[in-house]
Amino acid sequence: MRYAIKLFLKRQRFRNFALQTNKPIFIMAFDIEMIRQVYANMTARVDKAREIVGRPLTLTEKILYNHLWEGMPSQAFSRGKDYVDFAPDRVACQDATAQMALLQFMHAGKNKVAVPTTVHCDHLIQAKVGAETDLAVANTQSKEVFDFLSSVSNKYGIGFWKPGSGIIHQIVLENYAFPGGMMIGTDSHTVNAGGLGMLAIGVGGADAVDVMSGMAWELKFPKLIGVKLTGKLNGWTAPKDVILKVADILTVKGGTGAIVEYFGEGATSMSCTGKGTICNMGAEIGATTSTFGYDDSMRRYLAATGRQDVVDAADKVAAYLTADPEVYANPEQYFDQLIEINLSELEPHINGPFTPDRGTPVSKMKTEAEANGWPLKVEWGLIGSCTNSSYEDMSRAASIVEQAVANGITPKAEFGINPGSEQIRYTIERDGIIATFEKMGTKVFTNACGPCIGQWDRAGADKGEKNTIVHSFNRNFSKRADGNPNTHAFVTSPEMVAALAISGRLDFNPMTDTLINDQGQEVKLQAPKGDELPTKGFDVEDPGFQAPAEDGSGVQVLVSPTSERLQLLAPFEPWDKKNISGAKLLIKAFGKCTTDHISMAGPWLRFRGHLDNISNNMLIGAENAFNGKANSVKNQLTGDYDAVPAVQRAYKAAGIPSIVVGDHNYGEGSSREHAAMEPRFLGVKAVLVKSFARIHETNLKKQGMLALTFANEADYDKIQEDDVINFLDLTDFAPGKPLTLEFVHANGSKDIIMANHSYNDSQIGWFVAGSALNLIAAGKA
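Given the structure is predicted, the values throughout are model-derived calculations rather than measurements.

**Some thoughts on helix H23 (residues 674-682)**
No. 1: H23 sits mainly inside the fold: 8 of its 9 residues count as buried.
No. 2: Buried within H23 we find His674, Ala675, Ala676, Met677, Glu678, Pro679, Arg680 and Leu682.
No. 3: Where H23 is buried, its residues touch helix H4 (95-105), helix H20 (595-598), helix H21 (611-614), helix H22 (644-653), strand E26 (684-689) and helix H24 (694-702).
No. 4: After H23 finishes, the residue Gly683 shows a positive phi value of roughly 105°.

Written out as structure tokens, the structure is:
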């Protein structure tokens, strides 16, 4: 009986009678009937799609065609051209983005979410002292937000994962992901679920609201990148090195508009969680998502996490959960781009600093570091985040720590870990892995994102000293982890993090170099070892799950009108059907401008539910092309330089529109829609750039803004600091028709610049209405 109650916390769909009797209990996966229905539809839909397309299908195409909003496929779609409506199976939101997503959903007029949805509290917990203390502080400081998310989830039928339960993507992999499914999530690393054969895609909150409201979700039919993995990982090489190598090949924008499908003997030889690591960091190449075909590693993982019923259902359609044989036999005929990596020859990589696509094999790091002046002393090693927080990752890293402890080697750098979930933390504590880490003085932080998203109160970071840290996270943009622009952050595998932290040297190569122990002896570390899955099985006492009320009609969602953390939303104004004229240039951003630059995380996370307050961080990290400074732009009304939000608020108060100009891959990084909502709220009308990251472009469109690209990239250089901009033909806004902008310079001269866009008719409807949400609320979407 006690065992049944404990498992009920982990599995929502128990037989009700099981809690009241001592009869045998049948445990089912979350939403198993929905999963079975996906598989029931799959054979006929995929067979029809294969007939229409007229050739064998990739796994990606099978999943896409099985999730068409229309149901049975009726036409073939062109990759990179056609906008297509899909019906995702589920939605997941993390606490920082869930606030705005659910505040928007409250305007949709629905009584309950239309598809299975979950909220996960993982972003608002700062890493500082250690798990117990940090979680208690978060529960006090963010109580208002957690209570809001708990109550709104309870009201609208949403599963709620409490603070400390774990990182959204690890929990999704452990509980909800399934081969052949499609899900969206309000975090760019939703793609982690590709490790279980899903198409899992990061989106903005407005996209999530569409699906939660029972509407279709639109996506441009993606191009396909195939990655053929031959050989087998060995020695110090880990799954992380696969994606570090791919990132080096494709760069941070090489996967834009594409889904990456991994296959080959190397793929099937890897663990399910290793596949998840690879898919997770696929967000850093701009890919829509990444995935792997269904195989034995997925069967093992599903069974180990209590989902044998999913295995049983998936096995019945196993041939549909991977590409047709002809595809992998002749991949060059079916993918738009093909990459081949021999895992047997792959060397461990260390990527960075300041960008996740600058790859350096460990054997070349010494030369590269010295040539570039990178600090060789490693100050911190960090393992965890959603990317590398699995049992296998922790056990392999611990095997390196165990060697160091056994050989009398004192670590030269500080060390910290973030377990991915309470299930992982409980299990590795039971199996002695945490105790191993603690022998080396490791700080065990909360089961949460922590330093990965800037939630790290690092002692001394405010000094701004030049230093090096190594971590197993995905992103290493300037100021990302600790707020210090001089912290050189490098991305590598958990095993390499452990070795580099112990050695205290960025140029340490564990395959060739030795360490000196407390006896003055040379010690060479042996290659890491670890279990793919716990031999005694996973265990957990309280995973931290709260099931929603069956009937939420009586649940009240309270938001205080004086709150600094939460603010009810007011609809954005619709377009007045006139050309925009007299617009001021707010900023011409130079170089990399990620969503971290547009809407910083870290201490600003506390305002994610308050649009007015968080708008005070709008574009404060972007570099002004005219003076090389961040958060310093010219106020054309006064001639003075001031903070970007202050200047924009001055324009808004005066009723003057503005535009933002940017460089390549503008909006790269996190899916945070605040980077689109803040400019919209403060009166920016358009963003004109050389190119966009996919999610950010969509977020701008959803919020009723103009997302435009230079028809001629060289026109970026024509933009001057005192420019006033007039739209000459916005009244003729139509799909495929470029817009004409007049830039009037301070000396009276003018430049006419053509701007392209990718809006279709429905997206233009969002602009006309003022936002996509306005259409939903009006019942016209």
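Right, picking up where we left off after that structure.
**Examining the packing of aromatic side chains**
No. 1: Inspection of the entire model under this criterion finds 23 aromatic pairs.
No. 2: Between Trp161 and Tyr176, the aromatic rings sit 6.4 Å apart at their centres with planes inclined by 90°, giving edge-to-face as the arrangement. With Trp161 in strand E4 (residues 159-161) and Tyr176 in the loop between helix H7 (168-175) and strand E5 (182-185), the pair connects residues that are 15 residues apart, well separated along the chain.
No. 3: Judged by relative accessible area, Trp161 falls into the buried class, the value being 2%.
No. 4: Ring geometry for Trp380 and Trp456: centres 5.2 Å apart, planes at 85°, overall edge-to-face. Taken together, the residues span a long stretch of sequence, with Trp380 in strand E14 (residues 378-384) and Trp456 in the loop between strand E16 (443-444) and strand E17 (467-471) at a distance of 76 residues.
No. 5: One aromatic cluster is present, formed by Phe30, Trp161, Tyr176 and Phe545 through successive ring pairs.
No. 6: Its guanidinium or amino end placed over the ring of Tyr156, Lys155 lies 6.0 Å from that ring's centre, counting from NZ or CZ.
No. 7: Stacked on the ring of Phe681, the Lys or Arg Lys652 has its end atom at 4.1 Å from the ring centre.

**A few points about the packing of helix H11 (residues 272-280) against helix H12 (residues 296-304)**
No. 1: Where H11 contacts H12, the two axes come as close as 8 Å, and the packing angle between them is 105°. Taken together, the axes of H11 and H12 are roughly perpendicular relative to one another. Listed contacts from H12 to Cys272, Thr273 and Lys275 of H11 are Ser297, Met298 and Tyr301.
No. 2: A class-by-class count of the residues in the contact of H11 with H12 yields 3 nonpolar, 2 polar and 1 charged.

**Brief notes about a nonpolar patch on the surface**
No. 1: There is a patch of nonpolar side chains on the surface, built from Leu728, Ile752 and Met754 and spanning about 250 Å² of accessible area.
No. 2: Inspection of the secondary structure puts Leu728 in the loop between strand E28 (724-727) and strand E29 (739-744).

**Regarding the state of the cysteines**
Chemically, a disulfide is nothing more than a covalent bond linking the sulfur atoms of two cysteines.
No. 1: Counted under the stated rule, the structure contains 0 disulfides.
No. 2: Of the cysteine sulfurs around Cys386, a residue in no disulfide, the closest is that of Cys452, at 5.5 Å.
No. 3: Cys386 supplies the cysteine sulfur nearest to Cys449, a cysteine that is in no disulfide, at a spacing of 6.4 Å.

**Considerations on the pairing of strand E3 (residues 117-120)**
Taken residue by residue, a regular strand's side chains alternate between the two faces of the sheet.
No. 1: Of the two faces of E3, the one lined by Thr117 and Val119 and the one lined by Thr118 and His120 are each fully buried.
No. 2: Pairing of strand E2 (residues 90-94) with E3, which is carried by 4 bridges, proceeds in the parallel orientation. Paired with Val91 across the two strands is Thr117, which belongs to E3.
No. 3: Note that the unit made of E2, H4 and E3 has a crossover that is right-handed.
No. 4: Across 3 bridges, the pairing between E3 and E4 is parallel. By the bridge assignment for E4, Thr118 is matched with Gly159.

**Some words on the layout of surface pockets**
No. 1: Counted as a void, the largest pocket has a volume near 960 Å³.
No. 2: When contributions to the lining of the largest pocket are tallied by element, the ones reaching two or more residues are strand E1 (83-86), helix H8 (205-212), strand E7 (217-220), H24, helix H25 (761-769) and helix H26 (772-777).

**Some points on the packing of helix H2 (residues 32-53) against helix H3 (residues 59-66)**
No. 1: Where H2 contacts H3, the axes come no closer than 8 Å and their chain directions differ by 110°. Accordingly, the angle class assigned to the pair H2 and H3 is roughly perpendicular. As H2 packs across H3, the resulting crossing turns out to be right-handed. Contact with H2, carried on its side by Val38, Asn41, Met42, Arg45, Val46, Ala49, Arg50 and Val53, involves Lys62, Ile63, Tyr65 and Asn66 of H3 and no other residues of that element.
No. 2: Each residue belonging to the contact of H2 with H3 can be placed in one class, and the counts come to 7 nonpolar, 2 polar and 3 charged.

Each value, and the rule that gives it
Residues numbered from 1 in each chain as written. Predicted model: local features only at pLDDT ≥ 70, side-chain atom pairs only at ≥ 80, totals over all residues. Heavy atoms only, no water. Buried < 20%, exposed > 50% of the residue type's maximum accessible area, 1.4 Å probe, protein only. Helix = DSSP H or I, 4+ residues; strand = E, 2+ residues; numbered from the N terminus. Contact = heavy atoms within 4.5 Å. Phe/Tyr/Trp six-rings, centres within 6.5 Å; stacked < 30°, edge-to-face > 60°. Lys NZ or Arg CZ within 6 Å of the ring centre and 35° of its normal. Axes fitted to C-alpha atoms, helices over the stretch in contact; angles between N-to-C directions. Parallel < 35°, antiparallel > 145°, perpendicular 65-115°, else oblique. Nonpolar A, V, L, I, M, F, W, Y, C, P; charged D, E, K, R; others polar. Patch = residues over 30% accessible without salt bridge, like charges linked within 9 Å, V, L, I, M, F, W, Y side chains within 5 Å. Areas by Shrake-Rupley, 256 points an atom, 1.4 Å probe, with all protein chains shown as cover. Salt bridge = Lys/Arg side-chain N within 4 Å of Asp/Glu carboxyl O. Disulfide = S-S within 2.5 Å. Pairing = 2+ DSSP bridges. Right-handed = clockwise from strand over helix to strand, strands pointing away. 1 Å grid on protein atoms, 1.4 Å probe; cavity = no way out; pocket = protein on both sides within 12 Å on 5 of 7 lines; lining within 4 Å. Points joined across faces, edges and corners; volume = space filled by probe spheres on them. Left-handed = near helix turned anticlockwise from the far one by under 90°.

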